[in-house]
Amino acid sequence: MNWLDIDKKHVWHPYNSLPSKTKLLAVKRTDKTFIFLEDETKLIDGMSSWWSAIHGYNHPKLNEALKKQVDIMPHVMFGGLAHEGAAKLSKLLVDLTGLNSVFLCDSGSVSVEVALKTAILYQKAKGKEKYKFLALNNAYHGDTLGAMSVCDQKNSMHSIYGSYLPQHIFTQEPEFGFDSDCTSSIKHLEEKFKKHHEEIAGFILEPVVQGAGGMRIYNTSYLQKARELCSKYDILLIADEIATGFGHTGKMFACEHANIKPDILTLGKGLTGGYMTMAAMISSKEVSDTISNSKIGVLMHGPTFMANPLACSVAIASIELLIESSWEKRVQNIEKIFSDELENAKGIELVKDVRNIGAIGVIELKDDSYAQEIQDYCVKNGVWIRPFGKLIYSIVAYTIEEEDLRKIVRTMIKAIKAIKS
Ligand SMILES: *Cc1c(COP(=O)(O)O)cnc(C)c1O
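Draft legend 1. Representation of the overall build of the protein. Looking only at helices and strands, the protein features 15 helices and 16 strands. Compactness check: the protein gives a C-alpha radius of gyration of 21 Å against a globular reference of 22 Å for 421 residues, within 12% of the reference. Taken across its 421 residues, the protein has 56% of its residues classed as buried. Considering only contacts in the protein between residues 6 or more positions apart, those separated by 24 or more positions represent 70%. Roughly 19,000 Å² of accessible area belongs to the protein as shown, and the carbon and sulfur atoms make up 52% of that amount. In the protein, 49 positive and 51 negative side-chain charges are present, and the distance between their average locations comes to 1 Å.

This is the structure we're talking about:
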């Protein structure tokens, strides 16, 4: 039996039915910014595997780091034991973020769970019973229970899973656009804080770009206000930079655009350069001290594969590679090329909005019924993208060649123009 037939019969894919409702492409291998299918079709990767493969695939330095580590120690439990990789990685993260206390866990969603639990414990340690979170409309923070409960309420997760999800408090998302005026959303935010601050443990948001909930870019004034209000009411500001982190918006972390520091930061996706599943929850010293010095005393969480040494080794290599490379200049270049090429999408009948920042380019359509058609067209023409709904978008590795990036955008635009409505 062909392995793809086995897959179709037995294997779940993300947000899908079994068998898959959509066509699955059989991948044989990857190289740099390309995906090769079983039949040797070569696709330019316009997704960087969901924001993760920031250096492209099969980078010699990252491959080397993993090969070296596997012979030394593939894994060891983290309960009661410590190892150099976790310490080295944590120090890198502390130096980059200006925060202090690092929890290394398995996936982005889990790091969000740990962030939420940390906020609850912090408040409890201060003698406050606060079990609600404030979150934004259009937010996406992951697929596990706690993370889902702070995702946008109108999306299918809340409607599908119903009362299984804890109820939290939501506020109007910041106005659209990096240069937008956030007066109205800030007014709403102030009202939510005033009304609910006694029950809110933390305010969670994706700084500057709301990712999977709509690829919405917004102004930094909103983040500055969020920081101010959180400090005023002793509510923890949780910045979810699982998507935006490690340079995707042109800054190492999107919070830097607003010159603010969160109390808790979550990182994932690009952390290991797309090699291994690993994420981090990083907090200020104030947060970890408050919990540790209280009657509670401990952060009650501890996954089996916490601080996995293989993942640590490749994360260290990825961060060192990023710092050594001229990533800022590369991302600036990518931003320029995206701006330049996306200009050609403006004015197309089906196009509602065109926007980009850093290594992210987005075309929003007026209609959500063409995603599959557009993807098929792009694949036929050598480009891998995975649109969702109205959003035809690309996030690229910082190592992509200019001509490949231009081809991605040009093919997306051709695909939209080819639609027969
Ligand atoms: C992808 C993502 C998550 C979830 O990360 P997983 O590794 O998929 O669990 C959480 N928050 C944001 C902002 C994300 O983009």
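Draft legend 2. Structural detail: the nonpolar core. Membership of the largest hydrophobic core comes to 122 residues, with the highest contact counts inside it found for Leu89, Leu93, Phe203, Phe246, Ile363 and Ile374. Ranked by the residues each element gives to this core, the list is headed by helix α5 (residues 108-125), at nine residues. Of the domains in this structure, domain 1 (3-58 + 326-420) and domain 2 (62-324) are the two that each give at least three residues to this core. Beyond its immediate sequence surroundings of up to four residues, Leu89 is in contact with Leu104, Leu271, Met278, Cys312, Ala315, Ile316 and Ile319. Residues Ala65, Leu66, Val314 and Leu321 belong to the second largest nonpolar core, which totals seven residues.

Draft legend 3. Structural detail: the site of the ligand. Every residue lining the ligand is accounted for by Ser107, Gly108, Ser109, Tyr140, His141, Gly142, Glu206, Asp240, Ile242, Ala243 and Lys269. Within the backbone of Gly108, an N or O atom sits 2.9 Å from an oxygen atom of the ligand. Bound to the protein, the ligand loses 82% of the 380 Å² it would expose on its own. Split into classes, the residues belonging to the shell around the ligand amount to three nonpolar, five polar and three charged.

Draft legend 4. How the structure looks around the domain arrangement of the protein. Entries for the protein in the domain assignment read domain 1 (3-58 + 326-420) and domain 2 (62-324). Spacing between the C-alpha centres of domain 1 and domain 2 amounts to 26 Å. Of the roughly 2,300 Å² buried where domain 1 meets domain 2, counting both sides, 68% is carbon and sulfur surface. Our count for the domain 1 to domain 2 interface comes out at zero salt bridges. Counting every contact that joins domain 1 to domain 2 gives 11 residue pairs in polar contact (both at pLDDT 80 or more). Elements with a minimum of two residues in the side of domain 1 that touches domain 2: α2 (48-51), α13 (327-342), β13 (351-357), β14 (360-365) and β16 (391-395). Here the side of domain 1 that touches domain 2 gets four residues from one element, more than from any other, and that element is β13. Residues of the side of domain 1 that touches domain 2, tallied by class, amount to 17 nonpolar, six polar and four charged.

Draft legend 5. Representation of the sheet that holds strand β7 (residues 200-205) in the model. The mixed open sheet is built from seven strands, whose spatial order is β4-β12-β11-β10-β7-β5-β6. Strands at the two margins of the open sheet, each flanked by one partner only, are β4 (101-105) and β6 (169-171). Neighbour-to-neighbour, the strand axes of this sheet turn through a mean angle of 20°, independent of strand direction. Sheet analysis places β4 next to strand β12 (residues 279-283), joined by five bridges and oriented antiparallel. Bridge pairing in β12 places Leu104 opposite Ala280.

Draft legend 6. Structural view of a nonpolar patch on the surface. A surface patch of nonpolar side chains, amounting to about 430 Å² of accessible area, comprises Leu145, Ile160, Tyr161 and Tyr164. Topologically, Tyr161 is positioned in helix α7 (residues 156-161). When its relative accessible area of 43% is taken as the criterion, Tyr161 is described as partly exposed.

Draft legend 7. Structural context of the packing of α13 against helix α15 (residues 402-417). Relative orientation of the contacting elements α13 and α15 amounts to 30°, with a least axis distance of 10 Å. Classified by the interaxial angle, the pair formed by α13 and α15 is roughly parallel. Relative to α15, α13 is oriented so that their crossing is right-handed. On the side of α13, the interface is formed by Ile334, Ile337, Phe338, Asp340, Glu341 and Leu342, while α15 contributes Glu402, Leu405, Arg406, Val409, Arg410 and Ile413. Counted by class, the contact of α13 with α15 contains seven nonpolar, no polar and five charged residues.

Draft legend 8. Seen up close, the side chain of Ser109. Mapping Ser109 onto the fold places it in helix α5. In this structure Ser109 comes out as buried when scored by relative accessible area, which is 16%. In contact with Ser109, not counting residues within four places along its chain, are His141, Gly142, Asp143, Thr144 and Ala147.

Draft legend 9. Structural detail: the pairing of β12. Within β12, five of the five residues are buried, which leaves the element mostly enclosed by the surrounding structure. Residues Ala279, Met281 and Ser283 of β12 are buried on one face, and the alternating residues Ala280 and Ile282, pointing to the opposite face, are buried as well.

Draft legend 10. Looking closely at the environment of Leu350. Examined against the element boundaries, Leu350 turns out to sit in the loop between α13 and β13. For Leu350, a relative accessible area of 13% gives the class buried. For the pair Leu350 and Lys417, spaced 67 residues apart in sequence, the C-alpha separation works out to 8.3 Å. Not counting residues within four places of it along the chain, the set of residues in contact with Leu350 comprises Leu365, Lys366, Tyr370, Ile416 and Ile419.

Draft legend 11. Broad picture of α5. Compared with an ideal rise of 1.5 Å per residue, which puts 18 residues at 26 Å, α5 spans 25 Å between its outermost C-alpha atoms and is within 8% of the ideal. Across the 18 residues of α5, 15 count as buried, placing the element largely inside the fold. Immediately beyond the C-terminal end of α5, within one or two residues, lies Gly127, with a positive phi of roughly 85°.

Definitions and cut-offs
- Residues numbered from 1 in each chain as written.
- Predicted model: local features only at pLDDT ≥ 70, side-chain atom pairs only at ≥ 80, totals over all residues.
- Heavy atoms only, no water.
- Helix = DSSP H or I, 4+ residues; strand = E, 2+ residues; numbered from the N terminus.
- Rg over C-alpha atoms; globule rule 2.2 N^0.38 Å.
- Buried < 20%, exposed > 50% of the residue type's maximum accessible area, 1.4 Å probe, protein only.
- Contact = heavy atoms within 4.5 Å.
- Areas by Shrake-Rupley, 256 points an atom, 1.4 Å probe, with all protein chains shown as cover.
- Lys, Arg positive; Asp, Glu negative; His and termini not counted.
- Charge placed at Lys NZ, Arg CZ, Asp CG, Glu CD.
- Core = buried A, V, L, I, M, F, W, Y, C linked by side-chain atoms within 4.5 Å.
- Domains from an automatic or database assignment.
- Near = heavy atom within 4 Å.
- Polar contact = N/O pair within 3.5 Å; in protein donor to acceptor, adjacent residues only side chain to side chain.
- Nonpolar A, V, L, I, M, F, W, Y, C, P; charged D, E, K, R; others polar.
- Buried area = accessible area lost by both parts, 1.4 Å probe.
- Salt bridge = Lys/Arg side-chain N within 4 Å of Asp/Glu carboxyl O.
- Pairing = 2+ DSSP bridges.
- Axes fitted to C-alpha atoms, helices over the stretch in contact; angles between N-to-C directions.
- Patch = residues over 30% accessible without salt bridge, like charges linked within 9 Å, V, L, I, M, F, W, Y side chains within 5 Å.
- Parallel < 35°, antiparallel > 145°, perpendicular 65-115°, else oblique.
- Left-handed = near helix turned anticlockwise from the far one by under 90°.
- Expected span 1.5 Å × (residues − 1).

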